[in-house]
Amino acid sequence: MASVSTSNISPSTLDVPEPAGIQRWATEQGILILAHSYQDGFIQECAHFVGDSLELARCAAEEEAEAICFAGVHFMAETAKLLNPKARVFVPDLEAGCSLATSCKGADLAAYQEHLKQKLGQRPVTVAYINCTAEVKALCDIICTSGNAREVVGSIPEDRPILFVPDMHLGGWLNEVTGREMILWNGACQVHELFSVDTLRDLQAQHSGSITISHPECPKPVRDASDHVLGTAGMLRLVKQHEDKTFLVGTEGNMIYRFEQEAPQNRYIPAPGASCACNLCPFMALNTPEKLWMSLQERGPEVMVPDELFESARASLMRMLAL
Ligand code: SF4
């Protein structure tokens with residue numbers, strides 16, 4: 001991860017203000033705080049804007065902030081930098097990565113694209129889920145998020161083969177709903193992959209009349225056992241339309257905080273994982289209130305995108321936003 005590092009102050013020694021105080025201080029300093037919906041409630045409360053990858057990407061592109069503190073994982077901060085090149089983009093913890101992004105290395109993707117070109121007689125269109133590094137974004141043709149993936153895939157001519165990276169579960173779901181037969185990279189989200197259909201069925205039996213919503217990053221048996229397969233923005237829209245319902249939620253556990261804030265009229269129960277009941281992303285959890293507060297004061301650690309990747313990676317993102 002390219003970076004400019006900061007000091008040796010320990011975050012644990014900091015006296016952290018309440019979320020409203022942090023947000024007010026950041027506003028006075030001209031810092032925009034963006035937080036992903038998978039961040040814990042305290043960090044969501046600090047943020048000027050909370051959203052999914054697409055919403056945060058749009059926000060980074062549209063806001064004219066000179067400084068963005070991105071509470072999320074590394075690829076998201078890279079995306080903000082690509083879309084707002086003049087801003088100084090920094091994160092609470094540079095080590096906050098993502099199993100999906102790690103599963104697809106640029107060199108491996110380039111080699112596979114070349115292999116497919118030889119095999120198919122033409123280079124496949126490469127569609128990359130936004131959960132990938134800038135290096136991978138630079139090698140692909142267009143980016144998608146879980147919220148717009150159907151539209152992105154639908155925009156590609158029927159006669160062109162498609163390579164979809166890095167999430168095999170999202171790619172498998174897209175193959176089902178679009179009727180395409182995309183070639184899939186073998187990556188997965190380590191949080192969503194652990195949802196268990198057996199324990200989900202038990203939960204459904206305990207809560208008759210409940211509605212099960214799951215993220216397309218979940219494996220097919222979990223998706224098939226769900227009433228709705230949606231990205232997080234789609235989930236939020238759905239729960240807002242209901243009153244006094246119980247939802248079984250197959251996505252990262254902190255999303256429930258957002259549901260409870262924005263649609264408190266319903267009840268939300270996290271779908272259990274096979275080995276862990278919490279379903280929290282360990283990478284998102286690296287961003288603590290103390291690290292957030294320290295990063296705001298230091299405006300670092302900063303996230304940079306290497307010059308040689310910048311224009312290609314940005315072009316892939318802009319093609320998505322143009323759709
Ligand atoms: S929840 Fe999954 S996809 Fe999202 S950042 Fe964590 S590991 Fe990556």
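Just above, that's the structure.
Residues numbered from 1 in each chain as written. Predicted model: local features only at pLDDT ≥ 70, side-chain atom pairs only at ≥ 80, totals over all residues. Heavy atoms only, no water.

**Describing the site of the ligand**
Point 1. Residues in close proximity to the ligand include Tyr38, Val73, Cys98, Ser99, Leu100, Asn131, Cys189, Val191, Glu217, Cys281 and Phe283, which together make up its full environment.
Point 2. Classifying every residue of the shell around the ligand by side-chain character gives 8 nonpolar, 2 polar and 1 charged. (Near = heavy atom within 4 Å. Nonpolar A, V, L, I, M, F, W, Y, C, P; charged D, E, K, R; others polar.)

**Brief notes about the environment of threonine 79**
Point 1. Take threonine 79: it is sitting in helix α4 (residues 74-83).
Point 2. Each C-alpha atom of the pair threonine 79 and valine 303 lies 9.9 Å from the other, and the pair is 224 residues apart in sequence.
Point 3. Setting aside its immediate chain neighbours within four residues, threonine 79 contacts Ala57, Ile130, Lys137 and Leu317. (Helix = DSSP H or I, 4+ residues; strand = E, 2+ residues; numbered from the N terminus. Contact = heavy atoms within 4.5 Å.)

**Considering the pairing of strand β12 (residues 246-250)**
Point 1. Counting buried positions along β12 gives 5 out of 5 residues, so the element sits mostly inside the fold.
Point 2. Of the two faces of β12, the one holding Thr246, Leu248 and Gly250 and the one holding Phe247 and Val249 are both buried throughout.
Point 3. When strand β10 (residues 211-214) meets β12, the two strands line up parallel, connected through 4 bridges. Residue pairing for β12: isoleucine 213 is matched across the bridge by valine 249.
Point 4. Here β12 runs beside strand β13 (residues 267-270); their pairing, made up of 4 bridges, is parallel. (Buried < 20%, exposed > 50% of the residue type's maximum accessible area, 1.4 Å probe, protein only. Pairing = 2+ DSSP bridges.)

Keep in mind that these numbers describe shape and distance, not what the molecule does.
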